[in-house]
Amino acid sequence: MSQNKDDLKKTISLPVSRVRLIMKSSPDVSSINQDALFLTTKATELFVQHLALSSFNNGSGKETKTLSYSDLANTVEDTETLHFLTDILPKKILAQDYLRSLEQMQEEDGDF
Amino acid sequence: MASSSGNDDDLTIPRAAINKMIKETLPNVRVANDARELVVNCCTEFIHLISSEANEICNKSDKKTISPEHVINALESLGFASYITEVKDVLQECKTVALKRRKASSRLENLGIPEEELLRQQQELFAKARQQQAELAQQEWMQMQHAAQQAQMAAASASAAQQASSSQDEDEEDDM
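Summary of the structure given here. (Residues numbered from 1 in each chain as written. Chains lettered and ligands numbered in written order. Predicted model: local features only at pLDDT ≥ 70, side-chain atom pairs only at ≥ 80, totals over all residues. Heavy atoms only, no water.)

1. Quick notes on the environment of Leu75(B)
Within the fold, Leu75(B) resides in helix 3 (residues 68-77). Relative accessible area serves as the criterion here: at 0%, Leu75(B) is assigned to the buried category. The spatial distance from the C-alpha of Leu75(B) to the C-alpha of Glu53(B) is 8.4 Å, given a sequence separation of 22 residues. Beyond its immediate stretch of four places on either side in the chain, Leu75(B) contacts Ala43(A), Phe46(B), Ile50(B), Phe80(B), Ala81(B), Tyr83(B), Ile84(B) and Val87(B). (Helix = DSSP H or I, 4+ residues; strand = E, 2+ residues; numbered from the N terminus. Buried < 20%, exposed > 50% of the residue type's maximum accessible area, 1.4 Å probe, protein only. Contact = heavy atoms within 4.5 Å.)

Following this line, the structure appears as structure tokens:
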């Protein structure tokens, strides 16, 4: 009978128990059906694959076969469904933009 | 990485599992360490996103437990509909596993004997065996007693016979 459980384990590589803990740490989430848990785990796996693959394909490291942080950050910015991730990505501000916003603030102060 | 704070927000998917998946998805690609760290954190965010959405859908549906259906609808509304086909395959496997488990337990029931009855029968057999053993022990005891009695009687009659013959000798002497 344990063989059935093993069949399921082959389709899922992420630890289901950890996924469950993370889900439960979400506010207001009470009980989760076991099958729903498996589904979420599988979806998370697909997400990792999707994120890694599209970041690599859109990224600058294709020729050198590398994947960098900025490849990921750019993909998140460019893909609408991934916008929920912007909060955990410190925005890479161009130096000139930063200086410009700094000037603006100084001008505002000067108005007093 | 044992965290004594026990902060819920520190929960993430183990790094090793993520590394393995990245390796399988992008074989022969060098991935920067900070990029890996980012993927780990993105995973946690994704799980929160799906849980919250599924939870909202669940609340609207009057059900108390988040079901597979709620998760699928959440994926759809969040723009991850492309995941749904593969995710549904897992659901099918879950059902197959559950079905196999039910079949296995019902096969036992199909003997026509439920588990409680089997237990009761087992207890009966044990009781019978204990009784048989007790009877056997008693029989042996009685046989031993019987044998001992016989031995005693035999000894008694033997000595009685001896006495009888010795007193006869005395009588003969008196007659002379």
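2. Some words on the interface of chain B and chain A
At the interface, 54 residues of chain B touch 52 residues of chain A. Both faces combined, the contact of chain B with chain A buries some 5100 Å², and carbon together with sulfur accounts for 76% of it. The largest contributions to the chain B side of the interface with chain A come from Met21(B), Leu38(B) and Tyr83(B), which together make up 12% of the buried area. Linking chain B to chain A there are zero salt bridges. The interface formed by chain B and chain A includes eleven residue pairs in polar contact (both at pLDDT 80 or more). For the side of chain B that touches chain A, the secondary structure elements donating two or more residues are helix 1 (15-25), strand 1 (30-31), helix 2 (33-60), strand 2 (65-66), helix 3 and helix 4 (84-109) of chain B. Here the side of chain B that touches chain A gets 17 residues from one element, more than from any other, and that element is helix 2 of chain B. Each residue belonging to the side of chain B that touches chain A can be placed in one class, and the counts come to 33 nonpolar, twelve polar and nine charged. Strand direction decides the pairing type here: strand 1 (residues 31-32) of chain A and strand 2 of chain B, joined by two bridges, are parallel. When the bridges of strand 2 of chain B are listed, Ile32(A) appears paired with Ile66(B). (Buried area = accessible area lost by both parts, 1.4 Å probe. Salt bridge = Lys/Arg side-chain N within 4 Å of Asp/Glu carboxyl O. Polar contact = N/O pair within 3.5 Å; in protein donor to acceptor, adjacent residues only side chain to side chain. Nonpolar A, V, L, I, M, F, W, Y, C, P; charged D, E, K, R; others polar. Pairing = 2+ DSSP bridges.)

3. Topic: the packing of helix 3 (residues 34-58) of chain A against helix 2 of chain B
It is the contact of helix 3 of chain A with helix 2 of chain B, at a shortest axis distance of 10 Å, that shows an interaxial angle of 135 degrees. Relative to helix 2 of chain B, the element helix 3 of chain A is oriented oblique. In this structure, helix 3 of chain A meets helix 2 of chain B at a crossing whose hand is right-handed. Residue-level inspection shows Thr40(A), Ala43(A), Thr44(A), Phe47(A), Val48(A) and Leu51(A) of helix 3 of chain A in contact with helix 2 of chain B, the latter providing Val39(B), Cys42(B), Cys43(B), Phe46(B), Ile47(B) and Ile50(B). Grouping the amino acids of the contact of helix 3 of chain A with helix 2 of chain B by side-chain chemistry returns ten nonpolar, two polar and no charged. (Axes fitted to C-alpha atoms, helices over the stretch in contact; angles between N-to-C directions. Parallel < 35°, antiparallel > 145°, perpendicular 65-115°, else oblique. Left-handed = near helix turned anticlockwise from the far one by under 90°.)

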